[in-house]
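# Analysis of the macromolecular model
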Amino acid sequence: MKEVILSIASGKGGTGKTTIAASLASIIPNSAYIDCDVEEPNGHLLLKPKINTEEFVSKLLPKIDPYKCTVCGKCVEVCEFNALINLKFEITLIDEMCHGCGACTYFCPGKAITEIEKPIGVIRKGLTEHGILFIDGLLNIGEVAAAPLIKAVKRKIAGSKNGQAGYFSKGEISNRDKTSKQNEISISSIKSTDDISQQYLFEKTYVIDSPPGTSCSMVEAVSDSDYCILVTESTPFGLNDLKLAMEVLKTIDIPFGVVINKYDASYIEMEKYLEETKTDLLMKIPFDRKYAVAYSKGILPIVLYPELKNEFLGLFDTIKEKLMMVENV
Amino acid sequence: MSDNGYKQIVILSGKGGTGKTTISAAFASFENDKVIVDCDVDAANMHLMLKPKSEKSHEFSGGKKAAINNEICIQCGLCETVCRFDAINDFKINHLKCEGCGFCFRVCPESAISFTPSIGGNYFECELEDDSKFFYAKLFPGQGNSGKLVSEIKKSAINSIKENSLQSSNKKIASINNPDVNGGKFIIVDGPPGIGCPVNASISKADFAILVTEPTLSGVHDLKRLVELLNTFKIRMGIIINKSDLNESVAEQIKDHATEKNIPLLGEIPFNTEFVKALIEGKNIVEVDESVKKDLLKIWEKTKSYIIN
């Protein structure tokens, strides 16, 4: 028995990450859905959770005490982000430029700087009708720093794992509780997927819905996952962005496989590329207008179309198999 | 706001995959005096469709990165204590987590940490078949600073206009090449999805924002957040509903929201598999489907009437 973190990412936006993440969360027993697309979270529209807690997340900004500040300029010198400006008679802060590193506070010789909290967003937590644990982050409009909020959302995983209510303080390490990795059952021989489902049940599966792209936000969302599903679509745009996302996952050493959504057999380059790079193709979802219509209403296509639900059950079996292979290496 | 008479138009959506790039490329094809900028720097796609005839690569300096020299390091752990980005573990720096604040470098009592500029990606200055300029970028995987890179390519695009007008080159005149449209000068910016850092950089100094949405609950949800962001910047905007017949009642919701927020509806584009076909063939939709071209041209003309007023 173990806890597993499964992330769903894609380079390109609009390929179907949220639908796939929410579908998996729905069919995997004892799952949690974690929406890390904090700029535009959509999972709540499909899973319709009952939110029971909302918690504000802040970043730290320096506050300079004008009575103590001698305008020596040390803080300006140590700020790499040009967030502090020396106006000769005072030092002023540009909030948006500040990364909250704390160097100015530390190095101020007159102890004139303290840090105050500025809200950047909110973390919502709840349960769906079917008992899926739901967590998402919602970035405040106008706030630029998505990655710190994603980090705070992911700390909730560690929080719930430790049985805490999700308390965290600055400086706390977001890594998952590493001891959980030691309590794994190792199964040496795998006969069929049926065996796997029976022998290899996860205590809890966290399904992380990542933001699109390949920048720091995406890395923050997928890092520490046990396996990542990259969702792409049968177009040159889909392939190009898939390649970029694969590069990220290789760099941070996370095993992955690919789901081709809106599959179009006429675009052969996609499968050719996966074959050439020996990348696991986990599932193909054919393009079908009825799926898009269901999604448009906020309904998961697997709820309406049993054939698709079966495909997802198969996908989960495949992923379980992959996870075991990862462990046995 | 405008540079040398060029109007800056940014195409955004909030939600990804609504058709920003396809529509940007189509609108760009209607104009001759233009510069195109793909600001989706961590997943750029427009170059695949525009197929530039030449490109010049530039390095993008993303910021500084710290590194620990383990021969000098006395393992006091102070750097790990002060780092707020969890970037230091076992006296090693994780470059993907390092924000480049330099705190560790400054705090190290043994000066065992170096702090040097790093390349965060590349950007490309291209020339298209019709001699117009096109800019796109490739942020290195996992990098931060995407907003900074967006600002940098936009700056290069604006500079190229200034250089061009100094040389007063042999620019083709719109009315000769494309008799369908009234001439104008445009910087067409294909924006990234979301509402965060690179989006904020994309909309700075924009004269007008075109919001491409789709009638899905996610589309509406994300559109509303984007509208709110643009309102804080006081940027004028208009809405295009793509795949408009996918869900008529949600499409109505979008129109109601537009009316409520006093945002013009620029047009509706019904769901059409030709769009995907064009993508697969690596073509601009206006080359593939004549009736779609006509519809898009109408939407673009309407958009221009709002931009100019």
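To keep things clear, this report deals only with the structure shown in the data block. (Residues numbered from 1 in each chain as written. Chains lettered and ligands numbered in written order. Predicted model: local features only at pLDDT ≥ 70, side-chain atom pairs only at ≥ 80, totals over all residues. Heavy atoms only, no water.)

### Regarding the overall build of chain A
Looking only at helices and strands, chain A has 12 helices and 11 strands in total. Classification of the 329 residues of chain A by burial places 57% in the buried group. Taking as baseline every contact in chain A between residues at least 6 positions apart, the subset at least 24 positions apart corresponds to 72%. Just so you have it, chain A exposes about 14300 Å², and 54% of that area is on carbon and sulfur atoms. (Helix = DSSP H or I, 4+ residues; strand = E, 2+ residues; numbered from the N terminus. Buried < 20%, exposed > 50% of the residue type's maximum accessible area, 1.4 Å probe, protein only. Contact = heavy atoms within 4.5 Å. Areas by Shrake-Rupley, 256 points an atom, 1.4 Å probe, with all protein chains shown as cover.)

### Remarks on the overall build of chain B
What chain B contains, in helices and strands, is 12 helices and 11 strands. For chain B, long-range pairs separated by at least 24 residues make up 78% of all intrachain contacts whose partners lie at least 6 apart in sequence. With an accessible surface of roughly 12700 Å², chain B has 49% of that area assigned to carbon and sulfur atoms.

### What to know about the sheet that holds strand β3 (residues 54-68) of chain B
All names here are of chain B. Here we have 9 strands laid out as an open sheet, ordered β3-β6-β7-β2-β8-β1-β9-β10-β11, and mixed in their pairing. In this open sheet, the two edge strands, each paired with only one partner strand, are β3 and β11 (265-269). Here the strands of the sheet are splayed against their neighbours by 20 degrees on average, with no regard to which way each runs. Sheet topology places β3 next to strand β6 (residues 113-127); 14 bridges connect them, and they run antiparallel. Directly across from A66, in β6, lies its bridge partner F115. Its contacts with the sheet place helix α1 (residues 20-29) against β1 (7-12), β2 (34-38), β8 (186-190), β9 (208-213), β10 (237-242) and β11, and it is angled at close to 165 degrees to β8. Of the strands in this sheet, β1, β8, β9, β10 and β11 touch helix α12 (residues 290-308), which is tilted by about 170 degrees from β11. (Pairing = 2+ DSSP bridges. Axes fitted to C-alpha atoms, helices over the stretch in contact; angles between N-to-C directions.)

### What about the interface of chain B and chain A?
It is common to report an interface's size as the accessible area lost on association of the parts. Taken residue by residue, the interface counts 59 residues in chain B and 65 residues in chain A. Of the roughly 5100 Å² buried between chain B and chain A on both sides combined, carbon and sulfur atoms contribute 58%. On the chain B side of the contact with chain A, R84, R225 and I280 of chain B bury the most area, a combined 13% of that side's loss. Our count for the contact surface shared by chain B and chain A stands at 28 residue pairs in polar contact (both at pLDDT 80 or more). Put simply, the parts of the chain that give the side of chain B that touches chain A at least two residues each are α2 (46-50), α3 (78-82), α4 (103-107), α7 (197-203), α8 (217-232) and α10 (274-280) of chain B. At 8 residues, the largest contribution of residues to the side of chain B that touches chain A is made by α8 of chain B. Each residue belonging to the side of chain B that touches chain A can be placed in one class, and the counts come to 27 nonpolar, 19 polar and 13 charged. (Buried area = accessible area lost by both parts, 1.4 Å probe. Polar contact = N/O pair within 3.5 Å; in protein donor to acceptor, adjacent residues only side chain to side chain. Nonpolar A, V, L, I, M, F, W, Y, C, P; charged D, E, K, R; others polar.)

### Topic: α12 of chain B
Owing to its 3.6 residues per turn, the α-helix aligns residues three or four sequence positions apart on the same side. Residue and element names in this part refer to chain B. Here α12 is 19 residues long and its end C-alpha atoms lie 27 Å apart, about the 27 Å a rise of 1.5 Å per residue gives. Of the residues making up α12, those classed as buried are V292, L296, L297, I299, W300, T303, K304 and I307. Where α12 starts, the residue carrying a side-chain oxygen 3.0 Å from the main-chain nitrogen of S291 turns out to be D289. (Expected span 1.5 Å × (residues − 1).)

### Points about the pattern of salt bridges
By the definition in use, this model includes 28 salt bridges over all chains. One salt bridge connects E274 of chain B with K277 of chain B, and the closest N-O pair in it is separated by 3.3 Å. Separated by 3 residues within a single helix, E274 of chain B and K277 of chain B lie in helix α10, roughly one turn from each other. Given the relative accessible area of 19%, E274 of chain B is considered buried. The network of salt bridges with shared partners includes K12, E233 and K262 of chain A. (Salt bridge = Lys/Arg side-chain N within 4 Å of Asp/Glu carboxyl O.)

### Considerations on the pairing of strand β6 (residues 113-127) of chain A
Residue and element names in this part refer to chain A. Bridge count for strand β3 (residues 50-64) against β6 is 14 bridges, and the pairing is antiparallel. Paired with L61 across the bridge in β6 is I116. For β6 and strand β7 (residues 133-139), the ladder comprises 7 bridges, and the chain directions are antiparallel. Across the sheet, L127 pairs through a bridge with L133, a residue of β7. Where β6 folds back onto β7 in an antiparallel hairpin, the turn is made up of 5 residues, including G131, whose phi is positive at roughly 80 degrees.

### Overview of the pairing of β11 of chain B
Residue and element names in this part refer to chain B. In the sheet, β10 pairs with β11 via 4 bridges, with the strands oriented parallel. Across the sheet, the residue bridging to I239 is L265, located in β11. Taken together, β10, helix α9 (residues 248-260) and β11 constitute a β-α-β crossover, and its handedness is right-handed. (Right-handed = clockwise from strand over helix to strand, strands pointing away.)

### Let's talk about the nonpolar core
Among the nonpolar cores identified, the biggest contains 41 residues, and L12, V37, L211, L226, L230 and I239 of chain B are the most heavily contacted of them. With residues up to four places along the chain from it excluded, the contact list for L226 of chain B reads E40 of chain A together with L12, S13, G14, G194, I195, V199 and L211 of chain B. (Core = buried A, V, L, I, M, F, W, Y, C linked by side-chain atoms within 4.5 Å.)

### Regarding the side chain of T205 of chain A
Residue and element names in this part refer to chain A. Looking at where T205 falls in the secondary structure, it is placed in strand β8 (residues 202-209). When its relative accessible area of 1% is taken as the criterion, T205 is described as buried. When neighbours within four sequence positions are excluded, T205 is seen to be in contact with V4, L6, I28, N30, S31 and A32.

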